[in-house]
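Reading the structure
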Amino acid sequence: ELPTVLLIHQMDGHEGAWTILPLMRDFSVTYGRNSSWIFFCEEDTRIQVVKLLETLGRFDGSKEWFLGKALYDEESTIIHHYAFAENPTVFKFPDFAAGWALSIPLVNKLAKKLKSEPLKSDFTIDLKHEIALYIWQKGEGPHLTPVPEFCTDDVNSYKVDHCATTFSNFLPLCGEPVKKEDVFVAVKTCQKFHGDRIPVVKQTWEREAALIEYYSDYADISIPTIDLGIPNTDRGHCGKTFAILERFLNHSSPRTPWLVIVDDDTLISIFRLRKLLSCYDPKEPVFLGERYGYGLGTGGYSYITGGGGMVFSRIAVQKLLASKCRCYSMDAPDDMVLGMCFSGLGIPVTHSPLFHQARPMDYPKGYLSHQIPVSFHKHWNIDPVKVYFTWLAPNTEESLNGKKVGYNREDL
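In this report, we go over the structure that sits alongside the text.

Reading the values: rules and limits
Residues numbered from 1 in each chain as written. Predicted model: local features only at pLDDT ≥ 70, side-chain atom pairs only at ≥ 80, totals over all residues. Heavy atoms only, no water. Core = buried A, V, L, I, M, F, W, Y, C linked by side-chain atoms within 4.5 Å. Buried < 20%, exposed > 50% of the residue type's maximum accessible area, 1.4 Å probe, protein only. Phe/Tyr/Trp six-rings, centres within 6.5 Å; stacked < 30°, edge-to-face > 60°. Helix = DSSP H or I, 4+ residues; strand = E, 2+ residues; numbered from the N terminus. Pairing = 2+ DSSP bridges. Contact = heavy atoms within 4.5 Å. Axes fitted to C-alpha atoms, helices over the stretch in contact; angles between N-to-C directions. Polar contact = N/O pair within 3.5 Å; in protein donor to acceptor, adjacent residues only side chain to side chain. 1 Å grid on protein atoms, 1.4 Å probe; cavity = no way out; pocket = protein on both sides within 12 Å on 5 of 7 lines; lining within 4 Å. Points joined across faces, edges and corners; volume = space filled by probe spheres on them. Nonpolar A, V, L, I, M, F, W, Y, C, P; charged D, E, K, R; others polar.

1. Re the nonpolar core
One finds M24, L102, W205 and L273 to be the most contacted residues of the largest nonpolar core, which totals 77 residues. If you look at the next biggest cluster of nonpolar residues, it comprises 25 residues, including I261, I304, C341 and I347.

2. Considerations on the packing of aromatic side chains
According to the stated counting rule, one finds 22 aromatic pairs in the structure shown. For the pair F39 and F150, a centre-to-centre distance of 5.5 Å together with 70° between the ring planes defines the contact as edge-to-face. With F39 in strand β1 (residues 37-40) and F150 in the loop between β8 (145-146) and β9 (165-167), this pair connects stretches of sequence that are 111 residues apart. Judged by its relative accessible area of 21%, F39 falls in the partly exposed class. Taking the centre distance of 6.5 Å and the plane angle of 40° together, the rings of F312 and F342 count as tilted. Residue F312 is located in strand β18 (residues 310-313), and its partner F342 is located in helix α10 (residues 334-345); the two are separated by 30 residues in the primary sequence. With a relative accessible area of 0%, F342 lands in the buried category.

3. Things to note about the sheet that holds strand β16 (residues 291-294)
Consider a sheet: its strands pair through backbone hydrogen bonds, and that pairing is either parallel or antiparallel. Read from one edge of the open sheet, three strands run β7-β16-β17, paired in antiparallel fashion. Strands with a single pairing partner mark the edges of an open sheet, and in this sheet they are β7 (123-124) and β17 (301-304). Alignment of β7 against β16, held across two bridges, turns out to be antiparallel. Note on β16: the bridge partner recorded for T124 is G293. Lying over the sheet, α10 contacts β7, β16 and β17, oriented at roughly 130° with respect to β17.

4. Points about helix α12 (residues 384-391)
The element α12 is extensively covered by neighbouring structure, given that six of its eight residues are classed as buried. Within α12, burial applies to P384, V385, V387, Y388, T390 and W391. Buried positions along α12 lie against α6 (198-203), β14 (266-268), α8 (270-277), α11 (365-368) and β20 (375-377). Put simply, D383 is the residue that caps the front of α12, since its side-chain oxygen is 3.1 Å from the backbone nitrogen of V385.

5. Quick notes on empty space enclosed by the protein
By the definition in use, this model includes two cavities of 30 Å³ or more. Here the largest cavity is characterised by a volume of approximately 40 Å³. Considered class by class, the residues forming the lining of the largest cavity number five nonpolar, two polar and one charged. Of the voids in this model, the second largest cavity is the one considered here, and its volume is about 30 Å³. Every residue lining the second largest cavity is listed: I230, P231, N232, T233, H237, G239, K240 and M330. The residue makeup of the lining of the second largest cavity, split by class, is three nonpolar, four polar and one charged.

6. A word on the sheet that holds strand β13 (residues 258-263)
Pairing in this open sheet of seven strands is mixed, and the strands run β12-β11-β10-β13-β18-β15-β19 from one edge to the other. The sheet is open, and its two edges are formed by β12 (225-227) and β19 (350-351), each paired on a single side. Pairing of β13 with β18 involves four bridges; the strand directions are antiparallel. The partner of W258 across the bridge, within β18, is S313. Where helix α9 (residues 314-322) meets the sheet, its contacts fall on β13 and β18, and the angle it forms with β18 comes to roughly 85°. In the packing of α10 onto the sheet, contacts are made with β10 (183-188), β15 (287-289) and β18, and the angle to β18 comes to roughly 35°.

Keep in mind these values describe shape, not function.
Structure follows, in structure tokens:
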């Protein structure tokens, strides 16, 4: 019979359903007796159901199996808290785009463990790595078993004859890209970075933005920057971000539907963002970017991590500022406070894996190979101009249906 298809965002009322582990009890109770496997995939994963069933049939469903397309870190990375620092390549975790599977005995075991020992993790940063760590249980649970039939090649590729799953690496486009003039870009900076970070923005993506302002603790007419009257802080920038939101609402054209807030060391493709935004309704409260979680096992909230860029519809900003939810201190982490506020308002954060809080080399090559990224973050130990022109600059690949052309990313 046909598989049962579940949509995770419809499964559970609580904020943490997207982190999957809190759903194990539901899976165990509902499917623990009459199913053999739970198979997870992304909304863009294409599945050949017959081939998938054949592939799963090769494994003994009465045993504990964790199956997927294996990713690994080539060097230890801050995203994974420098896990396995001596040799990060030894730990494999699944590429969600290819799909991954848990046998029911393993689902039942995880559900039992979660009942007796609730999740302790404060932050959810990279779900695929954190799930693999949890299942591995410091060597007491199963490792990921790589399955060659779980693929991320394009459905039209000559390589996919053996594949049970495929993945199309196109940039979402739901009509005409939004107009340049419909996106207002706010860059957070401070005087000490005017000399090194702002020139990078001007050499790279500034030309893609029709409306852009630089907000600082010092008015420098050569850039120019706007002094919001808020001193720079070493920790979070909540005060500055809320001042930017107020300014967007009160001083930009009310006809500008989208606001993007980035750091001065964010590298972003406004060209691609305009395509992505065609898929969202600016009349809705939209808060978009790379989603992280805080305390989700214990009634926490999701938030958009700031370094990769935070995108707001004007109506989202209006609802937020009308709500009286504000920074608990000027140097509170702005992205987390925003997540808390929107959670309280019942406005969900919208995740896109195309925004990145870190540098390209902080991600497995196999993960980025089927992505058309919108942003990266941090200039640390890289040539940021080279990273921009290698990964993000508009070029011939944009007009070739997302097929990548002439990129040499190996040296990055």
